[in-house]
Amino acid sequence: MAPQTRKAAIVGGNRIPFARSNSAYAQASNQDMLTATLDGLVARFGLQGQQVGEVVAGAVLKHARDFNLTREAVLGSRLSAATPAYDVQQACGTGLEAAVLVANKIALGQIESGIAGGVDTTSDAPLAIHDEMRRVLIALSSARTLRQRLEALAGVRPGMFVPEAPRNAEPRTGLAMGDHQAITAREWGISREAQDELTVRSHHNLAAAYERGFFDDLVTPYLGLTRDENLRPDTSVEKLAKLEPVFGTGDPDATMTAGNSTPLSDGASAVLLASDAWAAERGLPVLAHLVDAQTAAVDHVHGGEGLLMAPAYAVPVLLARNGLTLQDFDFYEVHEAFASTVLATLKAWEDPAFCKERLGLDAPLGAIDRSRLNVNGSSLAAGHPFAATGGRIVASLAKQLHEAGPGRRGLISICAAGGQGVVAILES
Amino acid sequence: MARTVLQTAPSMPALFARAAVTARGRGGDLPDTRLARTGVRVEAAALAAYDRVCGFSLADPLPPTYPHVLAFPLQLALMSDRSFPLALPGLVHVRNRIDLLRPVRADEALDLEVWAERLARHPRGATVDLCASVSAGGAEVWRSRSTYLARGAKAPEGAPESDLSLPVGELPRPVATWRVPDSAGRRYARVSGDVNPIHLSGLTAKAFGFKRAIAHGMWVEARALGALTGRLPDAMAVDVVFRKPLLLPSTVTLATAPVVGGGWDLAVRNLQSGAEHLLGTVRPL
Amino acid sequence: MGDWYRDLANSGVGSTLVGQLGLPRPAVLRRYEPGAPLLTGPAVVGTAGAGRLRETLTRVLEDAGVTVLPGVDDDGGRLAAVLLDATGGTGPADLAAAYEFLAPAVRRLGPSGRVLVLADPPSDADSPAQAAARQALEGLVRSVAKELRNGGTANLLVVPADAGASVPGPVRFFLSGRSAYVDGQVVRLTAADVPAGEDAERPLAGKVAVVTGAARGIGASIARVVARDGAHVVAVDVPAAGDKLAEVANEIGGTAFQLDVTAPDAAQRLVAHLRERRHAGVGPGVDVVVHNAGITRDKLLVNMDAARWNSVMAVNLQAQLDLTQALLDADGVLRPGARVVCVSSQSGIAGNRGQTNYAASKAGVIGMVRAWAPAFAERGATINAVAPGFIVTEMTAKMPFGTREIGSRINSLQQGGLPVDVAETIAWLSRPSAAGVNGQVVRVCGQSFLGA
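For clarity, every value in this text was computed on a predicted model and none was experimentally measured.

Conventions adopted
- Residues numbered from 1 in each chain as written.
- Chains lettered and ligands numbered in written order.
- Predicted model: local features only at pLDDT ≥ 70, side-chain atom pairs only at ≥ 80, totals over all residues.
- Heavy atoms only, no water.
- Contact = heavy atoms within 4.5 Å.
- UniProt positions renumbered as here; feature names shortened; annotations may be inferred.
- Helix = DSSP H or I, 4+ residues; strand = E, 2+ residues; numbered from the N terminus.
- Domains from an automatic or database assignment.
- Axes fitted to C-alpha atoms, helices over the stretch in contact; angles between N-to-C directions.
- Parallel < 35°, antiparallel > 145°, perpendicular 65-115°, else oblique.
- Left-handed = near helix turned anticlockwise from the far one by under 90°.
- Nonpolar A, V, L, I, M, F, W, Y, C, P; charged D, E, K, R; others polar.
- Buried area = accessible area lost by both parts, 1.4 Å probe.
- Salt bridge = Lys/Arg side-chain N within 4 Å of Asp/Glu carboxyl O.
- Polar contact = N/O pair within 3.5 Å; in protein donor to acceptor, adjacent residues only side chain to side chain.

A. Geometry of the arrangement of the chains. The interface with the highest contact count, out of two pairs of chains in contact, is the one between chains A and C. In this structure chain B stays clear of chain C, and the shortest span between their C-alpha atoms is 45 Å.

Right, here's the structure in full:
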């Protein structure tokens with residue numbers, strides 16, 4: 001029997017304020033932050049001791065000891081210990097992909113409720129021992145005789161004592177994500193001014209959202225932080241113009257600065273999803289439904305496509321499947337990995353050649369109403385703890401749609417390392 | 001033609017040492033000698049170490065450059081022998097061609113044969129080709145031709161002109177950046193056995209007239225092919241020329257471009273100066 | 001935050017020392033624990049007048065399993081409570097009966113004993129003589145309260161002729177350990193429909209209670225006690241205190257609602273939240289609202305800046321007015337039998353140096369409660385104020401030693417109260433059986449000497 005599908009409801013969300021790297025959360029581990037975030041969600045919706053269908057979350061930078069990160073966070077939380085959990089990882093798409101996975105199980109009737117989340121720390125990052133040292137130690141542990149042990153130890157060189165820190169670089173290209181994006185920005189002719197303007201809008205929108213209490217039921221303070229640490233309500237195009245480029249610096253016309261790029265940050269987010277019936281039984285609200293989602297990937301290594309351009313490919317597929325145009329949305333949430341990522345993606349959708357040759361479309365998707373874009377700020381202002389961004393966006397957009405009234409539609413577009421993109425449609 | 005079959009791979013440090021002390025007073029024609037080994041088995045741990053250093057993934061089919069590692073000790077034995085007309089110290093690898101006739105599996109018993117040929121004239125000296133052929137089950141599966149330049153050496157009268165030209169298409173787009181550390185030469189030496197002092201340290205390289213240690217050409221080639229893992233034809237001709245030595249440490253870029261009809265053009269260049277270290281083509285066979 | 005002096009005075013050596021020095025000896029108060037009996041010993045009920053409530057009192061005691069002695073005999077043991085029904089008197093001559101009953105009974109009162117007097121309202125008296133007699137009882141009770149030692153309290157319930165049905169709930173409260181720090185108080189009852197049958201342990205089961213300022217201190221204690229009594233608590237506090245709020249909500253199985261009560265749309269958002277959620281599995285809305293959120297911004301009047309004045313007024317008074325009005329206006333949100341309890345303060349009654357803003361706001365709360373009471377009564381609801389005295393909290397722990405010690409001793413119980421004492425009083429006023437308590441100000445101050 002083919003199972004009946006239904007659309008999963010987004011009941012609400014919780015996150016901790018995002019901190020800048022090596023700052024407020026310098027001592028907090030991924031598990032600490034995820035547990036605190038789950039507990040905040042539990043408090044918001046009265047889930048103490050309750051068993052939800054599944055908790056799905058992940059971290060991009062993960063210690064070996066955190067192999068079962070999400071389950072361990074559940075065990076440390078106020079949720080029932082009988083709540084199953086598993087980890088996922090799709091780089092910056094982790095949080096949204098986790099929500100899609102939970103929503104799909106709800107849609108299939110396999111679970112009635114679930115929590116999707118993500119967490120990342122760049123402060124308590126996993127340092128690995130030098131790879132050659134690691135091999136020496138493995139050889140040492142399997143050595144049986146003194147002679148074998150001495151032979152193993154003979155391989156040790158002073159340089160091996162230096163640990164390896166995770167780098168924000170693509171393994172196959174060796175380029176930092178920002179350097180990749182600098183290439184894309186140059187190819188699409190994204191100006192420094194346009195990037196700085198988008199950045200200022202992100203800060204101002206986020207600040208305004210805090211001022212009007214929009215985040216009062218989306219954020220729970222943590223370790224003394226009550227708002228996103230990166231937020232600069234008083235920033236301006238003039239202030240941003242003073243910053244030196246930090247990516248693509250081989251190019252004399254480099255445009256990407258520490259201002260119009262997201263900083264390394266720490267934080268966690270979680271979203272509560274459920275069937276309509278589960279929410280109704282508990283008297284919980286339904287902010288929006290997760291209508292559909294799509295992933296895509298591009299060959300950023302040898303294929304000549306920009307690392308962060310995959311959402312540009314995913315969205316038209318999603319639109320076609322749902323019989324929608326790019327203009328059929330009340331709100332757009334395009335993750336601001338870099339200001340130029342957003343601008344290049346929008347420009348690509350407006351570009352006839354790109355849409356025809358790369359996307360195989362007869363006509364470009366066209367422009368969007370920029371006043372509907374990232375209306376409550378996005379990653380440039382809030383920060384971007386990789387796996388936590390999806391949960392931040394899903395909960396914020398769902399609330400925004402709910403406030404706007406029934407039948408409103410929102411589009412989420414998140415680019416991810418490895419040339420990937422995750423996009424989704426929410427509807428109130 | 002004399003064909004000598006060796007029972008084991010010769011010790012390369014010893015060969016390098018012998019070549020060094022017998023460097024003077026060489027000359028004349030190439031020896032009409034072939035060295036061979038039969039039933040050679042790939043050692044799994046050695047292959048894994050090689051894969052790690054060159055960026056290949058450990059798999060049953062051998063990396064296209066791996067048979068070179070098996071054949072190189074024989075080539076070195078040939079070159080270090082007194083009968084070889086050019087002095088090994090100071091020889092520079094300037095071109096490498098590999099024909100992979102079919103994928104070679106790591107568990108196949110391989111027969112190797114190496115020889116030298118084509119002593120040629122070069123504006124800065126003389127070049128010689130060291131050839132290798134690898135067979136499995138009686139059929140050739142892999143062959144290579146490595147061209148070495150002996151600066152200041154003289155090719156015999158009537159020798160042909162050395163051909164180091166390789167037409168490569170436009171390669172404007174770097175696809176990867178490698179930070180090549182100071183230890184790159186030592187690391188490749190450990191997995192390939194090529195302990196030529198010019199690769200091992202700045203000090204030993206200076207002794208042979210280089211400012212700093214230089215990366216093995218075969219490592220640069222292997223790393224470039226490694227970056228294309230999964231996108232290479234099963235049977236192919238790889239042709240690379242080594243231009244400016246890659247001084248250690250350096251940051252370099254790899255540029256690739258697919259070509260019509262299959263295969264790739266590729267270049268490894270210095271990130272700062274843009275100087276070309278390697279140009280190459282990969283074509284299906 | 002223990003009471004070092006009380007602990008010393010009740011220790012072996014300390015007790016002797018305190019006795020020899022003639023120092024006060026603060027008692028360890030009997031406080032309610034779940035499952036505790038109403039009283040720990042027998043009670044006696046007397047009359048000074050017609051005694052129309054005597055039967056009610058006896059029934060309340062017997063229903064709670066308390067032994068009611070027929071009279072005060074000379075060789076009996078300690079009494080846990082002395083109840084005097086002084087209703088139905090005609091003039092000062094009847095007061096003699098009160099004196100004659102109370103004197104031997106109070107002498108026999110055990111630790112944390114209770115004296116509870118029920119009287120007619122002076123305002124309803126037929127004659128000046130009758131009014132005088134009724135008012136006289138207030139002076140009597142307040143003085144007894146000051147004479148009692150060992151944690152004993154004395155309180156007066158004023159019961160109009162038609163309010164007999166309102167008596168049981170308040171009587172149970174004043175006898176129980178829940179009223180440990182409520183002393184010397186006069187509470188006037190009104191006629192009300194008091195629902196029959198109340199679960200003694202979980203009187204608020206199935207109720208939804210909003211508690212503002214619930215992240216810490218007295219507010220967290222209120223949330224805990226109201227939840228212990230069975231309510232689903234919607235714990236409210238400013239977003240910046242959200243982490244502590246979540247801890248409280250998780251501890252008591254409630255929900256956290258981050259809201260700045262002074263935000264322009266705070267009332268609207270609270271109403272929307274209460275409409276949207278179906279807490280405690282019952283229909284949307286709220287049964288109990290505790291306006292506890294409050295701040296202090298102390299400064300002498302002459303040095304007071306506008307920001308201090310305005311912020312205190314906004315949180316302590318205006319927000320209570322706005323939220324209450326919005327709940328009254330929103331159809332179906334304030335459910336039948338609703339209870340609103342507003343936290344006032346001793347400062348609002350007695351005034352306090354450096355607290356013109358705070359005292360004004362807290363006095364304002366009293367005015368608000370009294371003014372709103374008739375409208376609430378019409379809806380079958382109540383609104384009352386609780387005015388804490390010196391309550392030992394994180395805040396008082398930061399006061400200078402001298403100020404803190406004096407503040408905590410200048411009351412009949414010779415000690416500071418605990419947040420739970422305030423919470424218990426609020427939980428009592430939130431009960432269905434407190435239907436007959438409306439527009440009252442109950443001080444939780446151990447009969448403080450200030451503003452008495």
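B. Examining the UniProt feature "active site" (unreviewed entry) in chain A more closely. Residue and element names in this part refer to chain A. Summarizing the sequence annotation, UniProt attributes the feature "active site" (unreviewed entry) to Cys 92, His 384 and Cys 415 in the numbering used throughout. The annotated residues occupy 324 residues of the chain but converge on a single region, no pair of C-alpha atoms lying more than 12.0 Å apart. Of note, His 384 is situated in the loop between helix H13 (379–382) and helix H14 (389–404). Those residues within four positions of His 384 in sequence are excluded, and the remaining contacts are Cys 92, Thr 262, Pro 263, Ser 265, His 335, Ser 379 and Thr 389. Within the secondary structure, Cys 415 sits in strand S9 (residues 409–416).

C. Structural view of the domain arrangement of chain A. As assigned here, chain A comprises domain 1 (131–161) and domain 2 (177–212 + 291–427). Between the C-alpha centres of domain 1 of chain A and domain 2 of chain A the distance comes to 49 Å.

D. How the structure looks around the UniProt feature "domain: MaoC-like" (unreviewed entry) in chain B. Here, the residues flagged by UniProt with the feature "domain: MaoC-like" (unreviewed entry) are residues 182–255 of chain B. Split by type, residues 182–255 of chain B is 32% helix and 18% strand. Its first and last C-alpha atoms lie 22 Å apart.

E. Looking closely at the packing of helix H2 (residues 44–54) of chain B against helix H4 (residues 184–192) of chain B. Residue and element names in this part refer to chain B. Closest axis-to-axis distance for the H2/H4 pair is 9 Å, and the angle between their directions is 155 degrees. Between H2 and H4, the angle falls in the class roughly antiparallel. The chirality of how H2 crosses H4 is left-handed. The segment H2 lies against H4, with Ala 49, Tyr 50, Val 53 and Cys 54 engaging Arg 187, Tyr 188 and Val 191. Classifying every residue of the contact of H2 with H4 gives six nonpolar, no polar and one charged.

F. Region of interest: the interface of chain B and chain A. At the interface, 13 residues of chain B touch 16 residues of chain A. Each partner contributes to the roughly 1300 Å² buried at the junction of chain B and chain A, and carbon and sulfur atoms together form 36% of this total. Here chain B and chain A share two salt bridges between them. Linking Arg 231 of chain B and Asp 299 of chain A is a salt bridge whose minimum nitrogen-to-oxygen distance equals 2.5 Å. At the boundary of chain B and chain A, one finds six residue pairs in polar contact (both at pLDDT 80 or more). Only strand S7 (174–180) and H4 of chain B provide two or more residues apiece to the side of chain B that touches chain A. For the side of chain B that touches chain A, the leading source of residues is S7 of chain B, giving four residues.

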